[in-house]
Amino acid sequence: LQQHSDLLWVVQEAFNAPLPLSWTEYTDDEGRVYFFNQSSSQSTWEHPMDSVYRELLIVIQRARDVGVSASEDSCAALVQNHLREVHQRALRALQDWSGPYAAEEGEYYYNHRLKVSTWDSPVAEWEQELLTRQTVLFWCLLGPSRVKHGEQ
């Protein structure tokens, strides 16, 4: 754990991460917390952002293991490639959404494949995730902590 103590702030941030817009936190009859996505009717025991932070920690560790963190250019390329890959995931996930459409209650969005609508912009949810990824990768691979892991 001491070897990766500079990443503890990422774990702390994961614990305190805000829910994506279409997710809501609930507690069951036994007091257990679970999360529900109104757009997809999906429920899970894991915070919806847990997988994002786990993936980021894997990317950071792999970069450090292969020495990418020794070069600022290599780090920047890794961050850019990761964000491009996730952006492509977002585009695929968003292709079935349309809107916004006007309603008396406000604007809504519709997913033609899932046959569901939501008040929350699916684009805004992906923007939030991409910003989280960019911030964490920047601070871990290009920010002040990179001096400790490669560049002296």
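Just above sits the structure.
Structure report, in brief.

Conventions and cut-offs
- Going along each chain's sequence as written, the residues are numbered from 1 onward.
- Local features in this predicted model are restricted to residues of pLDDT 70 or higher, and side-chain atom pairs are both shown and tallied only at a pLDDT of 80 or more, whereas totals for entire chains, interfaces and linings draw on every residue.
- Think of the side-chain values as coming from all heavy atoms in the structure, minus any hydrogens and water.
- Whenever a carboxyl oxygen of Asp or Glu lies within 4 Å of a side-chain nitrogen of Lys or Arg, that contact is scored as a salt bridge.
- Numbering of helices and strands starts at the N terminus; helices are DSSP runs of H or I of at least 4 residues and strands are runs of E of at least 2.
- Throughout, exposure labels follow a simple rule: accessible area from a 1.4 Å probe, protein chains only, divided by the maximum for the residue type, with under 20% read as buried, over 50% as exposed, and the rest as partly exposed.
- Two strands qualify as a pair provided DSSP detects at least 2 bridges between them.
- Expected span of a helix, by definition, is 1.5 Å for each gap between consecutive residues, and there is one gap fewer than residues.
- We call two residues in contact whenever any of their non-hydrogen atoms come within 4.5 Å of each other.
- The reported arc concerns the directions from the helix axis to the C-beta atoms and nothing else.
- Between 30 and 60 degrees the pair is tilted, below 30 it is stacked and above 60 it is edge-to-face, where a pair is any two Phe, Tyr or Trp rings, Trp via its six-membered ring, whose centres lie within 6.5 Å.
- Whenever a helix is involved, its axis is fitted only over the stretch in contact; in every case the axis is a line through C-alpha atoms, and angles between N-to-C directions fall within 0 to 180 degrees.
- Oblique is the label for every angle not falling under 35 degrees (roughly parallel), over 145 degrees (roughly antiparallel), or within 65 to 115 degrees (roughly perpendicular).
- Crossing handedness is read from the near helix: turned anticlockwise from the far helix by less than a right angle, it gives a left-handed crossing, and turned clockwise, a right-handed one.

**Points about the pattern of salt bridges**
- Following the criterion strictly, the structure yields 9 salt bridges and no others.
- Note that Arg-64 and Asp-6 form a salt bridge whose closest N and O atoms lie 2.6 Å from each other. Taken together, the residues Arg-64 in helix H2 (residues 50–65) and Asp-6 in the segment before helix H1 (8–15) connect sequence positions 58 residues apart.
- Exposure remark for Arg-64: the relative accessible area of 12% places this residue in the buried category.
- Notably, a salt bridge pairs Arg-54 with Glu-46, separated by 3.0 Å at the nearest N-O pair.
- Overall, Arg-54 belongs to the partly exposed group, its relative accessible area being 42%.
- Overlapping salt bridges bring together Glu-55, Glu-85, Arg-89, Glu-129 and Arg-133 as one network.

**Some remarks on the pairing of strand E4 (residues 97–103)**
- Inspection of the sheet shows E4 paired to strand E5 (residues 106–111) by 5 bridges, in the antiparallel sense. Across the sheet, Tyr-101 pairs through a bridge with Tyr-108, a residue of E5.
- Where E4 folds back onto E5 in an antiparallel hairpin, the turn is made up of 2 residues.

**Some details on helix H3 (residues 72–94)**
- Compared with an ideal rise of 1.5 Å per residue, which puts 23 residues at 33 Å, H3 spans 32 Å between its outermost C-alpha atoms and is within 8% of the ideal.
- When we look at burial in H3, the residues that qualify are Cys-75, Val-79, His-82, Leu-83, Val-86, Ala-90 and Leu-94.
- Elements in contact with the buried residues of H3: H2, E4 and helix H4 (122–142).

**Some remarks on H4**
- Between its first and last C-alpha atoms H4 spans 29 Å; for 21 residues at 1.5 Å apiece the expected length is 30 Å, and the two agree.
- What H4 keeps buried is the set Pro-122, Glu-125, Trp-126, Glu-129, Leu-130, Thr-132, Arg-133, Val-136, Leu-137, Cys-140 and Leu-141. One side of H4 carries all its buried residues, which in axial view fall inside an arc of 155°.
- Residues of H4 that are buried in the fold lie against H1, strand E1 (23–27), H2, H3, E4 and E5.

**Things to note about unusual backbone geometry**
- Omega for the bond connecting Gly-99 with Pro-100 falls within 30 degrees of zero, at 10°, which places this linkage in the cis form.
- Secondary-structure assignment places Pro-100 in strand E4.
- At Ser-41, a residue that is not glycine, the phi angle is positive and equals roughly 60°.
- Note on placement: Ser-41 falls in the loop between strand E2 (33–37) and strand E3 (42–44).
- For Lys-115, which is not glycine, the phi dihedral falls at a positive 60°.
- Topologically, Lys-115 is positioned in the loop between E5 and strand E6 (116–118).

**Structural notes on the packing of aromatic side chains**
- Applying the stated criterion to the full structure yields 5 aromatic pairs.
- Measuring from ring centre to ring centre gives 5.7 Å for Tyr-26 and Tyr-34, while their planes differ by 25°; the resulting arrangement is stacked.
- Classification of Tyr-26 by relative accessible area gives partly exposed; the value is 36%.
- Ring geometry for Phe-138 versus Trp-139: centroids 5.3 Å apart, planes at 85°, classification edge-to-face.

**Some points on the environment of Ser-71**
- By the secondary structure assignment, Ser-71 is in the loop between H2 and H3.
- Along the backbone, Ser-71 and Asn-37 are 34 residues apart, and their C-alpha atoms lie at a distance of 40 Å.

**Points about the packing of H1 against H4**
- One can describe the packing of H1 onto H4 by two numbers: an axis separation of 11 Å at closest approach and a directional angle of 170°. If you check the angle between H1 and H4, you find them roughly antiparallel. Considering how the two elements wind past one another, H1 and H4 form a crossing that is right-handed. Contact residues: H1 offers Trp-9, Val-10 and Glu-13, while H4 offers Val-136, Trp-139 and Cys-140.

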